[in-house]
Every structure is written in C-alpha cells, then in structure tokens.
Amino acid sequence: MLLHIPHVLSRDAVADCRRQLEAAAWVDGRLTAGSQSEQRKHNLQLAEDSDLARALRDTVLDALGRTPTFFSAALPRRIYPPLFNCYTGAHNAFGDHVDNAVRTHRATQTHLRTDLSFTLFFTDPDEYDGGELVIEDTFGCQRIKLPAGDLVLYPSSSVHRVEPVTAGARIACFSWLESMVRETERRRLLYDLDRQICRLRETHGDDDTAVGLTSCYHNLVRMWACP
Ligand code: NI
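Residues numbered from 1 in each chain as written. Predicted model: local features only at pLDDT ≥ 70, side-chain atom pairs only at ≥ 80, totals over all residues. Heavy atoms only, no water.

**Considering the sheet that holds strand E12 (residues 133–137)**
Judged by pairing direction, the sheet is antiparallel, and its five strands sit side by side in the order E3-E7-E15-E12-E13 without closing on themselves. Here the strands that pair on one side only, and so sit at the sheet edges, are strand E3 (41–42) and strand E13 (140–144). (Pairing = 2+ DSSP bridges. Helix = DSSP H or I, 4+ residues; strand = E, 2+ residues; numbered from the N terminus.)

**Let's talk about the nonpolar core**
Counting residues in hydrophobic clusters, the biggest one holds 32 residues, and the most contacted among them are Leu21, Leu46, Phe70, Phe84, Phe122, Leu151 and Leu153. Counting residues per element, this core draws most heavily on helix H2 (residues 51–65), at six residues. (Core = buried A, V, L, I, M, F, W, Y, C linked by side-chain atoms within 4.5 Å. Buried < 20%, exposed > 50% of the residue type's maximum accessible area, 1.4 Å probe, protein only.)

**Some words on the domain arrangement of the protein**
Domain annotation for the protein reports domain 1 (3–179) and domain 2 (184–224). One C-alpha centre belongs to domain 1, the other to domain 2; they are set 30 Å apart. With nine residues of domain 1 in contact, the opposing surface of domain 2 contributes five residues. Together domain 1 and domain 2 conceal approximately 580 Å² of surface at their shared face, both sides included; 59% is due to carbon and sulfur atoms. Three residues stand out in domain 1 for area buried against domain 2, namely Ser72, Ala73 and Leu75, and they jointly supply 63% of the buried area on that side. At the boundary of domain 1 with domain 2, the tally comes to zero salt bridges. Linking domain 1 with domain 2 are two residue pairs in polar contact (both at pLDDT 80 or more). Broken down by element, the residue count for the side of domain 1 that touches domain 2 peaks at four residues, all from helix H3 (residues 68–74). Among the residues forming the side of domain 1 that touches domain 2, the class breakdown is five nonpolar, three polar and one charged. (Domains from an automatic or database assignment. Contact = heavy atoms within 4.5 Å. Buried area = accessible area lost by both parts, 1.4 Å probe. Salt bridge = Lys/Arg side-chain N within 4 Å of Asp/Glu carboxyl O. Polar contact = N/O pair within 3.5 Å; in protein donor to acceptor, adjacent residues only side chain to side chain. Nonpolar A, V, L, I, M, F, W, Y, C, P; charged D, E, K, R; others polar.)

**Some thoughts on the packing of aromatic side chains**
Considering all chains together, one arrives at four aromatic pairs under this definition. Among the aromatic side chains, those forming a connected cluster through ring pairs are Tyr80, Phe174 and Trp176. Sitting over the face of the ring of Tyr80, Arg103 holds its NZ or CZ atom 5.5 Å from the ring centroid. Directly above the aromatic system of Trp176 lies the positively charged group of Arg103, at a separation of 4.0 Å from the ring centroid. (Phe/Tyr/Trp six-rings, centres within 6.5 Å; stacked < 30°, edge-to-face > 60°. Lys NZ or Arg CZ within 6 Å of the ring centre and 35° of its normal.)

**Brief notes about unusual backbone geometry**
With a phi close to 40 degrees, Leu75 is a non-glycine residue in the positive phi region. Structurally, the position occupied by Leu75 is in the loop between H3 and strand E5 (76–79). A residue is classified by how much of its surface remains accessible, and Leu75, at 2% relative accessible area, is buried. The backbone of Gln109 shows a phi angle near 55 degrees, a positive value even though the residue is not glycine. Locating Gln109 in the fold gives a position in the loop between strand E8 (102–105) and strand E9 (110–113).

**Some remarks on the coordination of the nickel ion**
At the metal site, the nickel ion is ligated by His97 (NE2), Asp99 (OD) and His160 (NE2), and these contacts range over 2.1 to 2.2 Å. Coordination of the nickel ion draws on donor residues from a single chain, spaced H-x1-D-x60-H in sequence. (Donors = N, O, S within 2.8 Å, 3.2 Å for Na, K, Ca; no water.)

**A word on the pattern of salt bridges**
In the structure shown here, the tally under the stated rule is 19 salt bridges. Put simply, Glu136 and Arg161 hold a salt bridge, and the shortest N to O gap is 3.1 Å. Separated by 25 residues along the polypeptide, Glu136 in strand E12 and Arg161 in strand E15 (residues 159–162) bring together distant segments of the chain. The class of Glu136 is partly exposed, set by a relative accessible area of 33%. When the shortest N-O distance is used, the salt bridge between Arg161 and Glu163 registers 3.5 Å.

**Remarks on helix H4 (residues 184–204)**
Between its terminal C-alpha atoms H4 stretches 30 Å, which fits the 30 Å expected from 21 residues at 1.5 Å a residue. Looking only at H4, the buried set comprises Arg187, Leu190, Tyr191, Asp194 and Ile197. Taken end-on, H4 shows its buried residues confined to a sector of 130 degrees, consistent with a single buried face. Pointing more than 90 degrees away from the buried face of H4 are the exposed residues Glu185, Thr203 and His204. Tucked into the core, H4 has its buried residues touching strand E1 (3–5), H3, strand E10 (116–121), strand E17 (170–179) and helix H5 (208–224). (Expected span 1.5 Å × (residues − 1). Arc of directions from axis to C-beta.)

The structure is reproduced here in structure tokens:
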C-alpha cells in the first residue's frame, strides 16, 4: 500500500524546521547507505548525531504521534530515528535501490525490520525541478512529489529512486518502521476496517453496530499484532 498523508506538519512547523535546515551543516548522504546503494546515492544528509537532527527528529516523531492515519496505516512497533536529506547541486539524485531489510540503531545497537518507509517533504513542489520519488511495486510505478508538510508511506520492499533535482533544492525527512503487523495484506485489511468504522461512527454515532465492529477490529489486532 502506498499512502499519501497530508498535513502531518503544519505550515508554521514546516517554516520553523526550514529555517533551521537551511542553516544546517550537511554531510555526504553515502554515510548511511549500504555498499550497493552508496554507488547510486548522491545527496546530502544531516549528521545523525547532530543537535539539530535530534531536535527535528523529536518534532517529526511528535507530529507522527498526533496523526491517527499514520498509526492506523502503519501500526508502528518501532520507528527508526528519522533522518533528513537535501538534494541540490551535484548532490542531486538517488538511483534505483532497495532499502536494507534490517537497520541497526547505532546508539542502542537494536535492530529493526523495515516494513514501511516514509518521506516527509519540507519543500514545496514548485521550489525545485525534478526530485520525484519514484516507487515501483505491485501497484505499478508511482511518481511522488508532495506539498511541504505531507508524507508518503510505502512498502520498504519496493525498488525506488529519487530523480535528479535540476534546479532548486529538495529537503525532506525520511525513515523506516517496523510494524506490529508484519503481513502487508493484514495491515491493509486493518486499515480499511478502521476507516470504515470511523465513517460509520461519523454517520450513525456509536451505536451497537459500531461498537461490535470496533470489537472485531481490536480482536483482529490482538490476533495479528506482535507488540
Ligand atoms: Ni531508499
């Protein structure tokens, strides 16, 4: 499933982050790439252990925590501390690659299986040319370029790339997560069921049917989730 989640960050929050990111010291993005993808990765990143990366990471994680659609679609068990990148000038593209199946958090030496990847945009589409996130999966080839503050969630199993940025700069936050529900189809079903229950509650209130379906939803989560 590929999901566009709008307004994860408000315009004010984006502007505040942008002010800090534009004054940041960027490093070569190949520092966090595997041996295969480093040959295709030409971008800039914030150093993972910098004070700015830590502060912005908290901002992003707080925003994700306030976004029910993100929780419902991802059912996150653990989120890898988000990273920040910039595509501009000579550091302008990331060719076709797959994300590592397991990532190790350096500070805690804990491992995380990457079920889902996400990109949260900090620049608007009209601020740069190119820079589409192209995702190839069972749903075909999708070209993603979203407004600042919006997020795309997609399967980490997909081959994907960032097209060359030929003018301006594309600044984004990205990371991976391990879901409590490993199987994509189960996660999809839970997301669809949750959405339908929300609609039912909006139109009919919390009647007995809504309560019964909510019980079914939670019992399915109980059956399938690995907390
Ligand atoms: Ni990637």
